[in-house]
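Each chain is listed here by its residues.
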Amino acid sequence: MALIDAIPSVRGKRGRPRRRPDSLYAERAYDFDIYRDQVHDKGITPHFARRGVEHGSGLGVHRWVVEQTVALLHWFRRLRIRWEIRDDIHEAFMSLACSIICYRRLIK
């Protein structure tokens with residue numbers, strides 16, 4: 001719930017910015033009534049994959065932004081496994097990889 005509370009304002013139409021998204025997608029690990037109730041009480045529609053149900057519940061149709069970003073960053077061998085001890089060097093390689101990914105998308 002701390003993560004949901006930390007969501008910044010959502011830009012959209014004119015007027016006061018929304019503080020919460022309309023819906024939340026989550027994996028099977030969060031399929032408990034307590035989480036569903038907490039998310040629903042915040043005014044967010046929960047879409048959680050059901051536990052004990054075969055895969056193919058429909059939530060896998062969406063390609064999560066985070067998973068896609070991690071998959072793109074794994075194109076770069078140096079980022080698959082972190083070998084650098086210093087954070088600033090690793091962050092520099094991450095920035096370089098993100099720049100290359102954006103450049104490749106722009107020239108297509």
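Residues numbered from 1 in each chain as written. Predicted model: local features only at pLDDT ≥ 70, side-chain atom pairs only at ≥ 80, totals over all residues. Heavy atoms only, no water.

Colleague: Just to check I follow, could you spell out the overall build of the chain for this structure?
Modeller: The number of helices and strands found in the chain is 5 helices and 2 strands. Counting helices and strands in the order they occur from the N terminus, the chain gives α-β-α-β-α-α-α. Sorting the 108 residues of the chain into buried and exposed places 17% on the buried side. Nonlocal contacts in the chain, meaning residues at least 24 apart in sequence, comprise 30% of its contacts between residues at least 6 apart. Carbon and sulfur atoms make up 56% of the accessible area of the chain, which totals about 9300 Å². (Helix = DSSP H or I, 4+ residues; strand = E, 2+ residues; numbered from the N terminus. Buried < 20%, exposed > 50% of the residue type's maximum accessible area, 1.4 Å probe, protein only. Contact = heavy atoms within 4.5 Å. Areas by Shrake-Rupley, 256 points an atom, 1.4 Å probe, with all protein chains shown as cover.)

Colleague: Sorry, what's going on with helix α5 (residues 87-107) here?
Modeller: Residues that lie three or four places apart on an α-helix share one face, since the helix turns once every 3.6 residues. Compared with the 30 Å implied by 1.5 Å per residue over 21 residues, the 30 Å span of α5 between its first and last C-alpha is a close match. The set of residues buried in α5 consists of His-90, Ala-97 and Ile-101. Viewed along the axis of α5, the buried residues span an arc of 40°, placing them on a single side of the element. Exposed and oriented more than 90 degrees from the buried face of α5 are Glu-91, Tyr-103, Leu-106 and Ile-107. (Expected span 1.5 Å × (residues − 1). Arc of directions from axis to C-beta.)

Colleague: What am I meant to see in the pairing of strand β2 (residues 45-48) here?
Modeller: As a general feature of sheets, a regular strand has side chains that alternate between the two faces. Here β2 shows one buried face, formed by Pro-46 and Phe-48, and one open face, formed by Thr-45 and His-47. When strand β1 (residues 23-26) meets β2, the two strands line up parallel, connected through 4 bridges. For Ala-26, the partnering residue across the bridge sits in β2 and is Phe-48. Of the crossover connections in this fold, the one passing from β1 over helix α2 (residues 33-41) to the parallel β2 is right-handed. (Pairing = 2+ DSSP bridges. Right-handed = clockwise from strand over helix to strand, strands pointing away.)

Colleague: What exactly am I supposed to notice about the nonpolar core here?
Modeller: Side chains that are nonpolar tend, in soluble globular proteins, to be buried together. Leu-72, Leu-73, Phe-76, Leu-79, Ala-97 and Ile-101 together form the largest nonpolar core, which totals 6 residues. The set of elements that each furnish at least two residues to this core consists of α3 (65-73) and α5. Ile-4, Val-39, Ile-44 and Phe-48 belong to the second-largest nonpolar core, a separate cluster that totals 5 residues. (Core = buried A, V, L, I, M, F, W, Y, C linked by side-chain atoms within 4.5 Å.)

Colleague: It is not clear to me how the pattern of salt bridges should be interpreted in this structure. Could you clarify?
Modeller: Opposite charge on two side chains makes pairing possible when the charged atoms of those side chains draw close. All chains considered together, the criterion is met by 5 salt bridges. A salt bridge links Lys-42 to Asp-5; its shortest N-O distance comes to 2.6 Å. Pair noted here: Lys-42 is in the loop between α2 and β2 and Asp-5 is in helix α1 (residues 2-5), with a separation of 37 residues, a long-range link. Residue Asp-5 is classed as partly exposed on the basis of its relative accessible area, which comes to 44%. Asp-87 is the partner of Arg-82 in a salt bridge, and the nearest nitrogen-oxygen pair spans 2.5 Å. Overall, the relative accessible area of 41% leaves Arg-82 in the partly exposed class. We classify Asp-87 as exposed; its relative accessible area is 55%. (Salt bridge = Lys/Arg side-chain N within 4 Å of Asp/Glu carboxyl O.)

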